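# Structural overview
These are the residues of each chain, in order.
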Amino acid sequence: MISNTIGHLYGVGLGPGDPDLITLKAARLIASADVIAYHAGTGKSSIARAIAADLLPAGVHEEELRYPVTTGAVEHPAGYHGWLAEFYDECAARLRAHLDAGRTVVVLAEGDPMFYGSFMYLHDRLADSFPTEVVPGVTAVSGATAVSAHALARHEDVLTVLSGTLPVAELARRLADTDAAVVMKLGRTFANVREALRQAGLLDRAVYVERATRDGQRVLPAADVDPSTVPYMSIVIVPGQDRRADAAGRASAEPVPPVVASTTGTVHVVGLGPGPDRWLTPEASAILAEVDHVVGYAPYVERVPQRVGLTRHASGNTVEVDRARDALELAAAGDDVAVVSGGDAGVFGMAAAVFEAAEAGGTAYAEVPVHVVPGLTAAQAAAALVGAPLGADFAVMSLSDRLKPWSVLEARLRAAAAADLVIALYNPRSRSRPDQLHTARAALLDVKSADTVVVIARDVGRAKESAVVTTLGEFDPETVDMKCLVIIGASSTRVTPGGQVWTPRSVAQP
């Protein structure tokens, strides 16, 4: 609800440092303010105030919002972020008093107020109560890019802005997965940032910019920077590469020599297991540590640690053949490639898709070896969670009808039930298929007893793993989603007094 007073709050961006980069609107608001507020670090003068010093009107009331500390080591019951929240509450209370009195308050912000700016947190606390306006400013990213004279992103490049406070492995992964990048919040983090750049294979491209557009500005290769000299007000940019120009140059070059690969790479189709790293096999780990490329569905690619020399190719779901074709192309050009799947790559995974793409490619991929690396399957992991329900003959089926008609799927389900096999159901129920598991249960009840043991295993191998043991008659499909694997027991499947499920190996003579 807006207050009846006429106090106005302005968050004013000042740009990266050069006062000449302050916008005309920002300068006008500063000159007419009743109150000028700005943040300052511990034991330091305010950078924002220094940028705008010549514009401050005589006699204006100043509110210095000084951080008591600027590192993550604080003694506070709620930790560093709880301490920050308390600090911003105090700052907002000071400004609220001026706004309640009808004064115009201008909060100065380096760069842009809403881009990693402290003003954001004051905006969160005050904007619902007072007329508030944000005046954009030239960002630190724009300033650093301009003074380094590097084109940051071209054509369809994806630009990612990252915080240097991220863990090295996570920062390296995100750097490797984008076309162009900016890393902010350096200072004490720079050594880790440089290591992440090295692991992502980008250190040679990275440019370090310190105090962009200000006195003391420095621009040099990130590889040449002494970490002990890096201030917080610095930035690393990783310019995108002009792949279109490179491709056009290659296409127009005369003469064009025939491209003959000296060797053909291998496509390794690797099963990562259902989740935890402890279930990744030594063979899979060794291959992932050596290949040139990793290709796969994004959540699976994210499970592969970034390292120097590795290029990652993450894609969405349901494009299995497309990513398989990409992998074959890379291998045909001479690189070793890992195509990754969750669980076992040969069980509803990428192995079949790679062979499908290779067959469709004809002679183009005839010389590319395909090596399938087994992995622990979701069915094995789910079974082990509850005991040994797969101790006798069993069938593994996917309830997804994306690649086969439901009529075929239901016929197979009924046949497996009639043969009294234990049935492990993958892809049991999704948002786009909310009713098929209900139909499957009804079909199973036509053949099997309502007392048949059913296991619902969720998030197997992860922190929130769980298992529910019930019966086919009591089984509620509404409790199931794509995080689950469902096991339908045989007539002989039983539950121990302790709640474990197992299926005897022997079958009585008919």
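It is worth spelling out the pairing of strand 12 (residues 293-297) at this point. Of all five residues making up strand 12, four are buried, and the element is well covered by its neighbours. Where strand 12 and strand 13 (residues 311-315) come together, five bridges link them in parallel fashion. Looking across to strand 13, one finds that G296 is bridged to A314. By the bridge criterion, four bridges tie strand 12 to strand 14 (residues 337-341) in an arrangement that is parallel. Each bridged residue has a counterpart across the sheet, and for V294 the counterpart in strand 14 is A338.

Right, let's talk about the pattern of salt bridges for a bit. By the definition in use, this model includes 20 salt bridges. The structure contains a network of salt bridges with shared partners spanning E170, R173, R174, D177, E302 and R312.

Here strand 2 (residues 35-40) runs beside strand 3 (residues 61-66); their pairing, made up of six bridges, is parallel. Of the residues in strand 3, the one forming a bridge with V35 is H61. Handedness of the crossover joining strand 2 and strand 3 through helix 2 (residues 47-52): right-handed.

To continue, consider helix 15 (residues 436-447). Under the 1.5 Å per step criterion, the end-to-end length of helix 15 is 17 Å for twelve residues, consistent within 8% with the ideal 16 Å. Residues of helix 15 that are buried sit in contact with helix 14 (406-418), strand 18 (422-426) and strand 21 (484-488).

Before going further, it helps to spend a moment on the sheet that holds strand 14. The strands that make up a sheet are held in pairs by hydrogen bonds between backbone atoms, and each pair lies either parallel or antiparallel. The sheet built from five strands is open, its strands ordered 13-12-14-11-15 with parallel pairing. Looking at which strands have only one partner, the edges of the open sheet turn out to be strand 13 and strand 15 (370-373). Direction aside, the axes of adjacent strands within the sheet are offset by 20 degrees on average. Lying on the sheet, helix 11 (residues 320-332) is in contact with strand 11 (267-271), strand 12, strand 13, strand 14 and strand 15; it crosses strand 12 at an angle near 170 degrees.

Turning to its location among the elements, S46 is positioned in the loop between strand 2 and helix 2. By relative accessible area, S46 is classed as buried at 6%. Separated by 425 residues in sequence, S46 and T471 have C-alpha atoms that sit 68 Å apart. The residues touching S46, leaving out its near neighbours within four places in the chain, are Y38, H39 and A40. In terms of polar contacts, S46 uses its side chain to reach the backbone carbonyl oxygen of H39, at 2.9 Å.

Definitions and limits used
Residues numbered from 1 in each chain as written. Predicted model: local features only at pLDDT ≥ 70, side-chain atom pairs only at ≥ 80, totals over all residues. Heavy atoms only, no water. Buried < 20%, exposed > 50% of the residue type's maximum accessible area, 1.4 Å probe, protein only. Helix = DSSP H or I, 4+ residues; strand = E, 2+ residues; numbered from the N terminus. Pairing = 2+ DSSP bridges. Salt bridge = Lys/Arg side-chain N within 4 Å of Asp/Glu carboxyl O. Right-handed = clockwise from strand over helix to strand, strands pointing away. Expected span 1.5 Å × (residues − 1). Contact = heavy atoms within 4.5 Å. Axes fitted to C-alpha atoms, helices over the stretch in contact; angles between N-to-C directions. Polar contact = N/O pair within 3.5 Å; in protein donor to acceptor, adjacent residues only side chain to side chain.

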